Amino acid sequence: MKKRILVTGGTGYIGSHTVVELQNSGYEVVIVDNLSNSSKDVVDQIEKVSGIRPAFEMVDCLDLAAMKGVFEKYPGIASIIHFAAYKAVGESVAKPLMYYRNNLVSLINVLELMPQCDVKGIVFSSSCTVYGQPDKENLPVTENAPVKMAECPYGNTKQINEEIVHDTVLSGSPIKAILLRYFNPIGAHPTALLGELPNGVPQNLIPYLTQTAIGIREQLSVFGDDYNTPDGSCIRDFINVVDLAKAHVIAIDRMLGDKQKSAVETFNIGTGVGLSVLGLIKAFEKSTGVKLNYKIVGRRAGDIEQVWADPTYANTELGWKAQETIEDTLRSAWNWQLKLREKGIN
Ligand code: UD1
């Protein structure tokens, strides 16, 4: 019998790609999503890509009773992947309580229900934001680099949520957890049936870039070229979203196969390659043949100068490694933008 996995936030950007990979690997998926930042159509798209329609429940993780109802309706959930969260840095500064309530209480509800419903494992979406700006000697960052004080409420929710997981396990809750610290997920499914669909003006680099390339936005602003980096722009570790999705399946396999070395494990999920914002623009132009209109503007408040992963632990211990090239990844993001235009969405 197929093992059943509950995916909160399963119609979101990373969630939807992960549902496809889980189904491709023989898992049965139940999605819980309140559709606050995604749409029900994504379920159809997932079905088109994988040939399997996942169960879908439009439920808010903040609603404990409704969540309990989901666990009761779908007995025997083997493990949870908890994506559901708000993720916009700027918005979190403007609406901290909304971020704390949503991101913390959702996780608390899930953790509370797990032992009651006999669910033994959880994979949690964490972020490289927990490292803040690592000291030079800690670049690329390993999982042992110190966690720095968060720069924004969003980042703080990731840190606190990691602590909540640790404390819950330490208190004797019979659960296991894997914390995946994502670097900068980009790109779309190679079929162009799934991708990132930001609400309104995108805050993140790639959707803004592809929207500029297609003419929805006039110009991309590059936030700063006076950083202490080779070309002066910030450096990030851009990880293909399908590669990232696959890391979740491997984490679930490991958890259910009882291979964890400790009850809570933490892995960096990145490529190990630091690429500057200007370098990424060049790579986009080269791999798509599309010229991008951009200008250098001042720094964006709260930006980290440079961070990229040392993914050795995930490579050796999980047996996971990023596979896709940056060129293919950028082409996938561009194809997704073209597909949105075709569908008249943007
Ligand atoms: C941030 C968070 C990260 C989170 C992600 C998703 C931090 C430190 N990082 O990543 O944890 O998962 O958002 O929301 O909190 N840029 C431009 N022009 C633009 C947009 C971005 O130059 O129009 C630059 C930024 O200055 C940055 C890079 O592109 O250097 C990446 O920015 P972005 O895509 O917003 O992601 P992060 O800020 O790295």
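Please read all numbers here as calculations on a predicted model, not as lab measurements.

The rules we used
- Residues numbered from 1 in each chain as written.
- Predicted model: local features only at pLDDT ≥ 70, side-chain atom pairs only at ≥ 80, totals over all residues.
- Heavy atoms only, no water.
- Domains from an automatic or database assignment.
- Contact = heavy atoms within 4.5 Å.
- Buried area = accessible area lost by both parts, 1.4 Å probe.
- Salt bridge = Lys/Arg side-chain N within 4 Å of Asp/Glu carboxyl O.
- Polar contact = N/O pair within 3.5 Å; in protein donor to acceptor, adjacent residues only side chain to side chain.
- Buried < 20%, exposed > 50% of the residue type's maximum accessible area, 1.4 Å probe, protein only.
- Helix = DSSP H or I, 4+ residues; strand = E, 2+ residues; numbered from the N terminus.
- Pairing = 2+ DSSP bridges.
- Axes fitted to C-alpha atoms, helices over the stretch in contact; angles between N-to-C directions.
- Near = heavy atom within 4 Å.
- Nonpolar A, V, L, I, M, F, W, Y, C, P; charged D, E, K, R; others polar.

1. Describing the domain arrangement of the protein
No. 1: Each assigned domain of the protein is listed here: domain 1 (4-187 + 239-269) and domain 2 (205-235 + 272-342).
No. 2: A straight line from the C-alpha centre of domain 1 to that of domain 2 covers 24 Å.
No. 3: Contacts between domain 1 and domain 2 engage 27 residues on the former and 27 residues on the latter.
No. 4: Around 2300 Å² of area is buried between domain 1 and domain 2 when both sides are counted, 65% of it from carbon and sulfur atoms.
No. 5: Our enumeration of links across domain 1 and domain 2 arrives at two salt bridges.
No. 6: As a salt-bridge pair, Arg254 and Glu317 come within 3.1 Å of each other at their nearest N and O atoms.
No. 7: Taken together, domain 1 and domain 2 are joined by 11 residue pairs in polar contact (both at pLDDT 80 or more).

2. Some remarks on helix α7 (residues 205-213)
Three or four residues apart is the spacing at which side chains of an α-helix point the same way, because the helix has 3.6 residues per turn.
No. 1: Most of α7 is tucked away: seven of the nine residues are buried.
No. 2: Considered for burial, the residues of α7 that qualify are Ile206, Pro207, Leu209, Thr210, Gln211, Thr212 and Ala213.
No. 3: Tucked inside the fold, the buried residues of α7 contact β7 (184-186), β8 (220-223), α9 (277-288) and α11 (326-342).
No. 4: Phi for Gly215, located one or two positions after α7, is positive at around 100°.

3. Comments concerning the sheet that holds strand β11 (residues 264-269)
No. 1: An order of β3-β2-β1-β4-β5-β6-β11 is seen for the seven strands of this open sheet, with the pairing classed as parallel. Edge positions in the open sheet fall to β3 (55-57) and β11, since each of these has one partner strand only. For this sheet the average axis-to-axis angle between neighbouring strands, irrespective of direction, equals 20°.
No. 2: Judged from the four bridges that link them, strand β4 (residues 77-82) and strand β5 (residues 121-127) form a sheet pairing that is parallel. Residue pairing for β5: Ile81 is matched across the bridge by Val123.
No. 3: Packing of helix α8 (residues 241-256) onto the sheet brings it into contact with β1 (4-8), β4, β5, β6 (176-182) and β11, and relative to β6 it is tilted by some 160°.

4. Details of the site of the ligand
No. 1: The environment of the ligand is made up of 19 residues, and the closest members are Ser127, Leu205, Ser221, Arg236 and Asp303.
No. 2: Residue Leu205 places a main-chain N or O atom 2.8 Å away from an oxygen atom belonging to the ligand.
No. 3: Taking Arg300, its side chain carries an N or O atom lying 2.9 Å from an oxygen atom of the ligand.
No. 4: Sorting elements by how many residues they give to the shell around the ligand places β8 first, with four residues.
No. 5: The residue inventory of the shell around the ligand, partitioned by class, reads nine nonpolar, six polar and four charged.
No. 6: Two domains share the shell around the ligand, each providing at least three of its residues, namely domain 1 (4-187 + 239-269) and domain 2 (205-235 + 272-342).

5. Description of the environment of Val307
No. 1: Within the secondary structure, Val307 is located in the loop between β13 (294-297) and α10 (312-318).
No. 2: As a C-alpha pair, Val307 and Lys261 span 46 residues in sequence and 27 Å in three-dimensional space.
No. 3: Setting aside residues no more than four positions away along its own chain, Val307 makes contact with Cys128, Pro134, Leu139, Val141, Phe183, Ile235, Arg236 and Asp237.

6. With respect to unusual backbone geometry
No. 1: The step from Leu139 to Pro140 runs through a cis peptide bond, and the omega angle for that step is -5°.
No. 2: With respect to the helices and strands, Pro140 occurs in the loop between β5 and α6 (153-170).
No. 3: Not every positive phi belongs to a glycine, and Leu35 is a case in point at roughly 60°.
No. 4: Despite not being glycine, Ala192 has its phi angle at roughly 60°, a positive value.
No. 5: Inspection of the secondary structure assignment puts Ala192 in the loop between β7 and α7.
No. 6: Residue Ala192 is classed as buried on the basis of its relative accessible area of 9%.

7. Details of the pattern of salt bridges
No. 1: One pass over the full model with this rule turns up 17 salt bridges.
No. 2: Salt bridges linked by common partners bring Arg254, Lys261, Glu265 and Glu317 together as one network.

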